[in-house]
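Each chain is listed here by its residues.
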Amino acid sequence: SLPYLPYLTSLSYAAEGLRTLVFATREISPEDYETVDKLMVECQNAINDREAKEQEAFTTVEDRLCCIGATGVEDRLQDGVYETISALKEGGVKLWVLTGDKMETAVNISQSCNHFTSSMKLHFLTARRDGESCRDTLESL
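Here goes a summary of the coordinates provided. This one's a predicted model, so the numbers in the text were calculated from it and none came from an experiment.

## Quick look at the overall build of the chain
Part 1 of the argument: Within the chain, the secondary structure is distributed over 6 helices and 2 strands.
Part 2 of the argument: Starting at the N terminus and ending at the C terminus, the chain contains elements arranged as α-β-α-α-β-α-α-α.
Part 3 of the argument: Within the chain, contacts between residues separated by at least 24 positions form 64% of all contacts whose residues are at least 6 apart in sequence.
Part 4 of the argument: Carbon and sulfur atoms make up 52% of the accessible area of the chain, which amounts to about 10800 Å² in all.

## Looking at the pattern of salt bridges
Part 1 of the argument: Per the counting criterion, the structure on display carries 3 salt bridges.
Part 2 of the argument: Here Asp-32 ties to Arg-64 by a salt bridge, and the two come within 3.5 Å at their closest N and O atoms. Linking Asp-32 in helix α2 (residues 30–45) with Arg-64 in the loop between α3 (50–62) and β2 (66–74), this pair joins segments that are 32 residues apart in sequence.
Part 3 of the argument: The exposure class of Arg-64 is exposed, given its relative accessible area of 52%.
Part 4 of the argument: The network of salt bridges with shared partners includes Arg-26, Asp-32, Asp-63 and Arg-64.

## What to know about the environment of Lys-53
Part 1 of the argument: Mapped onto the elements of the fold, Lys-53 is located in helix α3.
Part 2 of the argument: For the pair Lys-53 and Leu-39, spaced 14 residues apart in sequence, the C-alpha to C-alpha distance is 7.5 Å.
Part 3 of the argument: With residues up to four places along the chain from it excluded, the contact list for Lys-53 reads Glu-42, Cys-43, Ala-46 and Asn-48.

## Some points on α3
Part 1 of the argument: With 13 residues, α3 extends 18 Å from end C-alpha to end C-alpha; this agrees with the ideal 18 Å at 1.5 Å per step.
Part 2 of the argument: Count one or two residues on from α3 and you reach Arg-64, which has phi positive near 65°.

Thresholds applied
Residues numbered from 1 in each chain as written. Predicted model: local features only at pLDDT ≥ 70, side-chain atom pairs only at ≥ 80, totals over all residues. Heavy atoms only, no water. Helix = DSSP H or I, 4+ residues; strand = E, 2+ residues; numbered from the N terminus. Contact = heavy atoms within 4.5 Å. Areas by Shrake-Rupley, 256 points an atom, 1.4 Å probe, with all protein chains shown as cover. Salt bridge = Lys/Arg side-chain N within 4 Å of Asp/Glu carboxyl O. Buried < 20%, exposed > 50% of the residue type's maximum accessible area, 1.4 Å probe, protein only. Expected span 1.5 Å × (residues − 1).

Following this line, the structure appears as structure tokens:
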């Protein structure tokens, strides 16, 4: 595990519209390598529960990492995103942001590509675990 990760991820990279990239290292013994290699082969061949098996393999590799640093990485938009979103909005198309990012990062990216403007009223539908909760929130808007 990375004991300093909560500190590193709390840095202001997201506020600047950057992704946080953490660097860590670990020496892997031949036995550990064999274990992880076997797990990865099982993941590649899995028909069921592939994601769970991959997570197990990744956790095995990421255990006992030593954090050596962190930095912010610019996550540039693809060419034409700003213009495309502007054209869609002008055409009356309603756009939603669905993301696994931190909310702050998603908002910064949405502002940079003209999806959100300072005059818009934003509604956040976050941490909903079921359809009923989402529906209730949307109906209340």
